[in-house]
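# Descriptive analysis of the structure
Listed below, chain by chain, are the residues.
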Amino acid sequence: MKFKKPADMKRLIALFSNKFFLVTAAFVVWMIFFDKNDLLSRYEYHQQLQKLKHERDFYQAETDKVTKDLDELSSDPKQLEKFAREKYLMKKDNEDVYMVVKEKPKDE
C-alpha cells in the first residue's frame with residue numbers, strides 16, 4: 001500500500017475546504033436524495049409509466065377487437081344469430097336448449 005505524498009494531501013484538503021466545491025457537493029446530494037424529484041421517485045414514476053403504457057396497449061387491443069366484432073355482427077345476420085345463441089342462450093320458438101355442464105373433480 002502506498003501512502004500519499006504530503007503535497008497530494010494538501011491539494012485534497014484545499015479541494016474540500018473550497019466553498020464552491022462544498023456548495024456544489026451539497027447541491028448534488030440534495031438533488032439525489034432530498035428533492036421532490038429524487039432518484040427513487042424518478043424510478044417509481046418510470047415504473048408507473050411503463051405499467052400505464054402496458055395497460056393502454058392492452059385496452060387499445062381490446063377496443064379494436066370489440067370494434068371488429070361489432071362491425072361483423074352489424075353486417076352479417078347469421079353472425080348475429082350465432083352470437084345471440086352462444087352468448088345469451090337465445091333460441092327459436094320451436095327449439096329446446098340443453099346446457100351441458102362439466103362436473104368439477106372433487107379434491108380429496
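This text goes with the structure placed above it.
Attention in this report is confined to the structure presented alongside it. (Residues numbered from 1 in each chain as written. Predicted model: local features only at pLDDT ≥ 70, side-chain atom pairs only at ≥ 80, totals over all residues. Heavy atoms only, no water.)

### Concerning the packing of aromatic side chains
Selection criterion: Centres within 6.5 Å are what make two rings of Phe, Tyr or Trp a pair, Trp counting through its six-membered ring; a difference in plane orientation under 30 degrees is then read as stacked, over 60 as edge-to-face, and the rest as tilted. Numbered from the N terminus, helices here are DSSP runs of H or I no shorter than four residues, and strands are runs of E no shorter than two. Each residue is assigned to one of three classes by its accessible area relative to the maximum for its type, calculated with a 1.4 Å probe on protein chains only: buried under 20%, partly exposed between the two thresholds, exposed over 50%.
In total, this model carries 3 aromatic pairs according to the counting rule given. Arranged with centres 5.6 Å apart and planes meeting at 40°, the rings of Trp30 and Phe34 form a pair that is tilted. Remark: Phe34 and Trp30 occur in helix α2 (residues 19–34); sequence separation between them is 4 residues, near one turn of the helix. Residue classification places Trp30 among the partly exposed residues on the basis of a relative accessible area of 47%.

### With respect to helix α4 (residues 77–88)
The following threshold applies: Expected span of a helix: the number of residues minus one, times 1.5 Å.
The terminal C-alpha atoms of α4, which comprises 12 residues, lie 16 Å apart, in line with the 16 Å expected from a rise of 1.5 Å per residue. Two residues or fewer past α4, Leu89 is found with a positive phi of approximately 55°.

### What to know about a nonpolar patch on the surface
As a reminder, the rule being used: Residues enter patches when their relative accessible area tops 30% and they take part in no salt bridge; the joining distance is 9 Å for like charges and 5 Å for the nonpolar side chains Val, Leu, Ile, Met, Phe, Trp and Tyr. Working definition of accessibility: Shrake-Rupley area with a 1.4 Å probe, residue cover restricted to the visible protein chains. Salt bridge, as used here, is a side-chain nitrogen of Lys or Arg placed within 4 Å of a carboxyl oxygen of Asp or Glu.
A cluster of nonpolar side chains, contributed by Phe27, Val28, Val29, Trp30, Met31, Ile32, Phe33, Phe34 and Leu39, occupies part of the molecular surface with about 920 Å² of accessible area. When residues of the nonpolar patch are assigned to their parent elements, the largest contribution, 8 residues, is made by α2. Relative to the elements of secondary structure, Val28 occurs in helix α2.

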